[in-house]
Amino acid sequence: MSSSDIFIGETIGTAVLILLGGGVCAAVTLKRSKAQNAGWLAITFGWGFAVLTAAYLAGGVSGAHLNPAVTLGLAIEGGTEWGDVPLYLASQLLGAMIGAVLVWAVYYGQFHAHLTDPEIVGAQPTVEGMVDQSAAPKAGPVLGIFSTGPEIRNAVQNVVTEVIATVVLVLAILTQGLNNEGNGLGTLGALITSLVVVGIGLSLGGPTGYAINPVRDLGPRIVHALLPLPNKGGSDWGYAWVPIVGPLIGGAIAGGLYNVAFA
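A quick note: this is a predicted structure, and the numbers were derived from the prediction, not measured. (Residues numbered from 1 in each chain as written. Predicted model: local features only at pLDDT ≥ 70, side-chain atom pairs only at ≥ 80, totals over all residues. Heavy atoms only, no water.)

S.K.: Mind laying out the nonpolar core, listing which residues take part and the relevant values?
M.R.: If you look at the biggest cluster of nonpolar residues, it comprises 40 residues, and the most contacted ones within it are Leu17, Trp47, Phe111, Val142, Ile145 and Phe146. In contact with Ile145, not counting residues within four places along its chain, are Gly22, Cys25, Ala26, Thr29, Leu30, Val103 and Phe111. The next biggest cluster of nonpolar side chains, apart from the first, holds eight residues, and it includes Leu74, Val170, Leu171 and Ala254. (Core = buried A, V, L, I, M, F, W, Y, C linked by side-chain atoms within 4.5 Å. Buried < 20%, exposed > 50% of the residue type's maximum accessible area, 1.4 Å probe, protein only. Contact = heavy atoms within 4.5 Å.)

S.K.: So, the packing of helix 8 (residues 155-174) against helix 11 (residues 242-261): which residues are in play, and what are the values?
M.R.: Relative orientation of the contacting elements helix 8 and helix 11 amounts to 40°, with a least axis distance of 7 Å. For the element pair helix 8 / helix 11, the angle class is oblique. Considering how the two elements wind past one another, helix 8 and helix 11 form a crossing that is right-handed. Facing helix 8, whose interface residues are Asn158, Val159, Glu162, Val163, Thr166, Val167, Val170, Leu171 and Leu174, helix 11 presents Val242, Gly246, Pro247, Ile249, Gly250, Gly251, Ile253, Ala254, Gly255, Leu257 and Tyr258. By residue class, the composition of the contact of helix 8 with helix 11 is 13 nonpolar, six polar and one charged. (Axes fitted to C-alpha atoms, helices over the stretch in contact; angles between N-to-C directions. Helix = DSSP H or I, 4+ residues; strand = E, 2+ residues; numbered from the N terminus. Parallel < 35°, antiparallel > 145°, perpendicular 65-115°, else oblique. Left-handed = near helix turned anticlockwise from the far one by under 90°. Nonpolar A, V, L, I, M, F, W, Y, C, P; charged D, E, K, R; others polar.)

S.K.: Explain the pattern of salt bridges residue by residue, including any values.
M.R.: If you walk through the whole model with that rule in mind, you get four salt bridges. Note that Asp217 and Arg221 form a salt bridge whose closest N and O atoms lie 2.7 Å from each other. A residue pair is termed a helical-turn pair when its members lie 3 or 4 positions apart in one helix, as Asp217 and Arg221 do in helix 10 (residues 214-226) at four residues. By relative accessible area, which is 0% here, Arg221 ends up buried. What emerges from the salt-bridge pattern is a single network uniting Lys31, Asp117 and Glu119. (Salt bridge = Lys/Arg side-chain N within 4 Å of Asp/Glu carboxyl O.)

S.K.: Give me the packing of aromatic side chains: which residues, what numbers.
M.R.: Enumeration according to the criterion identifies five aromatic pairs in this entry. Ring geometry for Trp104 against Tyr108: centres 5.7 Å apart, planes inclined by 70°, an arrangement best described as edge-to-face. Judged by its relative accessible area of 53%, Tyr108 is exposed. (Phe/Tyr/Trp six-rings, centres within 6.5 Å; stacked < 30°, edge-to-face > 60°.)

S.K.: Pulling in residues and values, what's your account of a nonpolar patch on the surface?
M.R.: A contiguous nonpolar surface patch, about 610 Å² in accessible area, is contributed by Phe7, Ile8, Ile12, Leu57, Val61, Leu94, Ile98 and Leu102. Within the secondary structure, Leu102 sits in helix 4 (residues 85-106). Classification of Leu102 as partly exposed rests on a relative accessible area of 37%. (Patch = residues over 30% accessible without salt bridge, like charges linked within 9 Å, V, L, I, M, F, W, Y side chains within 5 Å. Areas by Shrake-Rupley, 256 points an atom, 1.4 Å probe, with all protein chains shown as cover.)

This is the structure in structure tokens:
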């Protein structure tokens, strides 16, 4: 496939992924949303449908990697040229940022209502109002719409969780439809992948929110830092390396495991 195919497919596909995935997080989180408090099941299935839609949309154009961990795993497995990897990653990051901006546009009024609500604003201590300024909140009240965060902040555990979850995702993608002829599942693979993502969210998403995709976290986190959201709080850059490093390690391990056990 050409460079323009990769750029167009990955940018649009990842934008749709984040629009629908971040959209369900906004729907569940924000005040004045009809889906507020719909819960974890809504989020996990929403992200699964986001993957399904984006993968079907981009599959015939760029292969629908939509995730640097998938691109890395495929490069190690041999299905993607290493020379194409930088373009895949740059396109995915751009798409993720576009998708996050679109979530903000769709829920513009809800963001304003949520972040100006006295209950929300009053629950967020400010640096100026704290004796111990180092204890100021690392994550703002809507950061979870844009990026992930741990329930228990333990760097080793958080990285291990992301590594394991990403190994499951990428290995499931690499082994789709293996048979004697080496044929894959074609477009049916998008459905299988979306169900795998739902399963990961339900089973492994509790500790960290299952980024399993570096740009899914980094792109929207950058947008959160840049958007003119009132009382938005911090973007928790101290944690941002975890959902980048963990999935990349997981993708690399999955590619290596595939070559050892399945190739």
